[in-house]
Amino acid sequence: MDWCCAIFEDLIAAAGQRGMAVVVTSRAAVPLFFLQARAVSAEVEDPRVDTPYPLTLATQQSIGYCPGCGTCLRERYDQQLDALRRDDLVLGS
Ligand SMILES: [Zn+2]
């Protein structure tokens, strides 16, 4: 893979793990890149967690540009979407 920068490479590699990551989906009409944060890894996330206050275990925000170098993600990775996509990790799907 020809990465725009090491930060983006690390964020893609971290998909599904605890912490920050980038998750890519192409299920929508246009490819979407999400900056995603997880309190626990996707493997152990348990929706039965019961707390006396609201708790967010994972959240995401659609992004258009690399958070590391500012590259336009759709333009840069348009031909590599099949290798990047992780539809299974997108929240709310
Ligand atoms: Zn970058």
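Everything quoted here is computed from the prediction, not taken from an experiment.

**Q** Is there a simple way to explain the side chain of T25 in this structure?
**A** Within the secondary structure, T25 sits in strand β1 (residues 19-25). A distance of 2.5 Å separates the side chain of T25 from the side chain of D87, its partner in a polar contact. Apart from residues lying up to four places away in sequence, T25 is in contact with V30, P31, L32, F34, D87 and V90.

**Q** Sorry, what's going on with the nonpolar core here?
**A** The nonpolar side chains of soluble globular proteins are, as a tendency, buried together. Counting 14 residues, the largest nonpolar core has F8, V22, V24, F33, L73 and Y77 as its most contacted members. For this core, the secondary-structure elements that each account for two or more residues are α1 (6-13), β1, α2 (73-77) and α3 (81-84). Looking at which element gives the most residues to this core, the answer is α1, with three residues. When sequence neighbours within four positions are dropped, the list of residues in contact with L73 reads F8, F33, I63, G64, Y65, C66 and D78. Judged by nonpolar contacts, the second largest core, of five residues, contains A15, V23, F34 and V90.

**Q** Which parts of the structure should I look at to understand the packing of aromatic side chains?
**A** Taken as a whole and assessed by the stated rule, the structure comprises four aromatic pairs. When the ring of F8 is compared with that of F33, the centres are 6.5 Å apart and the planes differ by 50°; the resulting orientation is tilted. Taken together, the residues F8 in helix α1 and F33 in strand β2 (residues 32-38) connect sequence positions 25 residues apart. Relative accessible area serves as the criterion here: at 0%, F8 is assigned to the buried category. By relative accessible area, F33 is classed as buried at 1%. Judged by centre distance (4.9 Å) and plane angle (20°), the rings of F8 and Y77 are stacked. Taken together, the positions of F8 in helix α1 and Y77 in helix α2 put the pair 69 residues apart, joining distant regions of the chain. Considered together, F8 and Y77 belong to a single accessibility category, that of buried residues.

**Q** Looking at this structure, I do not really get the coordination of the zinc ion. What am I missing?
**A** Reference geometry at the metal: tetrahedral coordination by four donors gives ideal angles of 109.5 degrees; octahedral coordination by six donors gives 90 or 180 degrees. Around the zinc ion, the protein contributes the donor atoms C4 (SG), C5 (SG), C66 (SG) and C69 (SG), at 2.3 to 2.4 Å from the metal centre. For the zinc ion, the four donor atoms are set out with angles of 101 to 118° between them, so the coordination reads as tetrahedral. Site description for the zinc ion: donor spacing in sequence, C-C-x60-C-x2-C. Accessibility expressed as a relative area gives 5% for C66, which makes it buried. Owing to a relative accessible area of 38%, C69 belongs among the partly exposed residues under this scheme.

**Q** Explanation requested: the side chain of Q36 in the structure shown.
**A** Mapped onto the secondary structure, Q36 falls in strand β2. Look past the residues within four positions of Q36 in its chain and what remains in contact with it is G19, M20, A21, V23, T59, Q60, L89, V90 and L91.

Calculation rules
- Residues numbered from 1 in each chain as written.
- Predicted model: local features only at pLDDT ≥ 70, side-chain atom pairs only at ≥ 80, totals over all residues.
- Heavy atoms only, no water.
- Helix = DSSP H or I, 4+ residues; strand = E, 2+ residues; numbered from the N terminus.
- Polar contact = N/O pair within 3.5 Å; in protein donor to acceptor, adjacent residues only side chain to side chain.
- Contact = heavy atoms within 4.5 Å.
- Core = buried A, V, L, I, M, F, W, Y, C linked by side-chain atoms within 4.5 Å.
- Buried < 20%, exposed > 50% of the residue type's maximum accessible area, 1.4 Å probe, protein only.
- Phe/Tyr/Trp six-rings, centres within 6.5 Å; stacked < 30°, edge-to-face > 60°.
- Donors = N, O, S within 2.8 Å, 3.2 Å for Na, K, Ca; no water.
- Tetrahedral: all angles 85-135°; square planar, octahedral: opposite > 155°, others 65-115°.

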